[in-house]
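Working through the structure, step by step
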Amino acid sequence: DVDFDTIKTNLKTYLKGQAQFTDYDFDGSGLSVLLDVLAYNTHYNAFMANMLANEMFLDTAVKRNSVVSHAKAMGYTPVSVRAPSATVDVTVNDANSASLTMYAGHVFNASTTGTSFQFVNIADVTIQAGDTYVFSGLNLYEGTWTTTKYTVNISDVDQRFIIPNDNVDISTLLVTVQTSSSDSTTTTYTKANNLVDVKSTTTAFFCQETTEGEWQIYFGDDVIGKKLIDGNIVYLSYVVTNQGDANGASTFTSSGAIGTFTDITVTTTSAAAGGAAAENIGAIQFNAPFSYAAQNRAVTANDYKALVPQLYSNISSIAVWGGEYADPPVYGKVFVSIKTPAGTNLTANTKEAVKVLLADY
């Protein structure tokens, strides 16, 4: 028993059994203070040993950084915060140029439940002159488009590329590397999801959640992925979001001109959805073993059940079954049924987007 009072009582019982302390008053003596110290020290050490043992295993760990570390050993990266996303068509009615570009970070305004939100696009999009100037199927994400800059210093062995914000949607992350301050040539790096495809010259980056709950970006070593060189400038661009607060927003307006044109109409194809908090400790403990069993491929129904929540976060419940269980049987197919937190059906565009995300697996 490692309870403080019980430890002290056990010490008293032991000492009372010694001939030297047969008639000693333990409660009213200076020895009581010493017993307090012994009991406290024993209790403290027992507590620390218990916590240490708990944190050594994924099932019993209670600290997020411990759970994330165990998941990493399984090749599992927790799902970050997710920004609500919407699909719109943007028509520039007064455009008359040969081409028109909407740059990443262009702001659109929307509101839901009486609260105003800001949505942004996360990639430069260029359209050519035509009868109409329409940016079709444009994906907007709720939040602020932010860029963090680092200059690579090889002599600094402790240099880390950290995104200094907890509410980052990692799925929106864009990583570009400029050669140097005197050479403006840039290279876009892609997130590595499968080491089989990453060679020594592959411009890939990796990401992980740190012990402080932030996100760290790191790069290859010229064996697995291309290594950065001294003087490279790393740009990390991403959306900082309010999580699920803007889910349901369906009416959007452009906050400013596109190019020099201001007569802009925004037509909503699908309302904002998918915003969610980061994966919690319980979900990581549940999903990491299934992800490890899936080995980063979608073959069995359980593989799909493990992968889909990682790729599409707007899920409160998911059911997956093989076509052999359908009536009549449909061999060679897997069926996925998703219930969203709002209880609405997935749109056709969302279904197609999930299938596209699964295609790599």
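See above for the structure.
Conventions we followed
Residues numbered from 1 in each chain as written. Predicted model: local features only at pLDDT ≥ 70, side-chain atom pairs only at ≥ 80, totals over all residues. Heavy atoms only, no water. Core = buried A, V, L, I, M, F, W, Y, C linked by side-chain atoms within 4.5 Å. Buried < 20%, exposed > 50% of the residue type's maximum accessible area, 1.4 Å probe, protein only. Contact = heavy atoms within 4.5 Å. Helix = DSSP H or I, 4+ residues; strand = E, 2+ residues; numbered from the N terminus. Pairing = 2+ DSSP bridges. Axes fitted to C-alpha atoms, helices over the stretch in contact; angles between N-to-C directions. Parallel < 35°, antiparallel > 145°, perpendicular 65-115°, else oblique. Left-handed = near helix turned anticlockwise from the far one by under 90°. Lys, Arg positive; Asp, Glu negative; His and termini not counted. Salt bridge = Lys/Arg side-chain N within 4 Å of Asp/Glu carboxyl O. Polar contact = N/O pair within 3.5 Å; in protein donor to acceptor, adjacent residues only side chain to side chain.

**Digging into the nonpolar core**
Core analysis: the largest hydrophobic core is formed by 24 residues, its most contacted members being Val90, Leu100, Phe119 and Phe252. In this structure Phe252 touches Ala86, Val88, Asn109, Ala110, Phe119, Leu140, Val266 and Thr268, once residues within four positions along its chain are discounted. With 21 residues, the next largest nonpolar core counts Val152, Phe205, Trp215 and Leu236 among its residues.

**Structural notes on the pairing of strand 11 (residues 204-209)**
Burial of strand 11 is extensive: six of the six residues sit out of reach of the surface. The side-chain alternation of strand 11 yields two buried faces, one formed by Ala204, Phe206 and Gln208 and the other by Phe205, Cys207 and Glu209. In this sheet, strand 11 lies alongside strand 10 (residues 186-191) in parallel orientation, the contact comprising two bridges. Bridge assignment links Lys191 to a residue of strand 11, and that residue is Phe205. Relative to strand 12 (residues 215-219), strand 11 runs antiparallel, the two being bridged by five bridges. Following the sheet pairing, Glu209 is matched in strand 12 by Trp215. The hairpin formed by strand 11 and strand 12 contains five residues between the paired strands, and Gly213 there has a positive phi angle of roughly 85°.

**A look at the side chain of Thr176**
Its place among the elements puts Thr176 in strand 9 (residues 168-178). For Thr176, a relative accessible area of 16% corresponds to the buried category. If near-sequence neighbours (up to four positions away) are discounted, Thr176 is found in contact with Thr187, Thr188, Ile233, Val234 and Tyr235.

**Quick notes on the packing of helix 4 (residues 281-294) against helix 5 (residues 301-311)**
At their nearest, the axes of helix 4 and helix 5 sit 9 Å apart, and the two run at 120° to each other. Taken together, helix 4 and helix 5 sit at an angle that is classed as oblique. In this structure, the crossing between helix 4 and helix 5 has a hand that is left-handed. The segment helix 4 lies against helix 5, with Phe290, Ser291, Ala293 and Ala294 engaging Asp303, Ala306 and Gln310.

**Here we look at the packing of helix 1 (residues 4-16) against helix 2 (residues 31-55)**
Running from N to C, helix 1 and helix 2 cross one another at 130°; their axes reach a closest spacing of 9 Å. Relative to helix 2, the element helix 1 lies oblique. As helix 1 runs across helix 2, the sense of the crossing is right-handed. In this structure, helix 1 contributes Phe4, Ile7, Lys8, Leu11, Lys12 and Leu15 to the contact, and helix 2 contributes Leu31, Ser32, Leu35, Asp36, Leu38, Ala39, Tyr40, Thr42 and His43.

**Looking at the side chain of Glu279**
As for its placement among the helices and strands, Glu279 is situated in the loop between strand 15 (264-273) and helix 4. Although Glu279 is buried, it makes no salt bridge; Arg64 carries the closest opposite charge, 6.4 Å away. A distance of 2.6 Å separates a polar atom in the side chain of Glu279 from a polar atom in the side chain of Tyr76. At 2.8 Å, the side chain of Glu279 forms a polar contact with the side chain of Asn287. Non-local contacts of Glu279, meaning those with residues more than four positions away in its chain, are made with Arg64, Tyr76, Pro78, Val79, Ile284 and Asn287.

**Description of the sheet that holds strand 11**
Across the sheet, which stays open at both edges, the seven strands sit in the order 7-13-9-10-11-12-8 with mixed pairing between neighbours. Every other strand in the sheet has two partners, leaving strand 7 (144-151) and strand 8 (161-163) as the edge strands with one partner each. When strand polarity is set aside, the average angle formed by the axes of neighbouring strands in this sheet is 30°. Where strand 8 lies against strand 12, three bridges are found, and the strand directions are antiparallel. Paired with Phe161 across the strands is Ile217, a residue of strand 12.

**Side note on the pattern of salt bridges**
Applying the stated criterion across every chain yields a total of six salt bridges. The closest approach of N and O atoms between Glu209 and Arg64, which form a salt bridge, is 2.7 Å. Within this pair, whereas Glu209 is found in strand 11, its partner Arg64 is found in helix 3 (residues 64-73), the two being separated by 145 residues in sequence. For Arg297, the salt bridge identified is with Asp303, shortest N-O distance 2.6 Å. For Arg297, a relative accessible area of 33% gives the class partly exposed. A residue is classified by how much of its surface remains accessible, and Asp303, at 5% relative accessible area, is buried.

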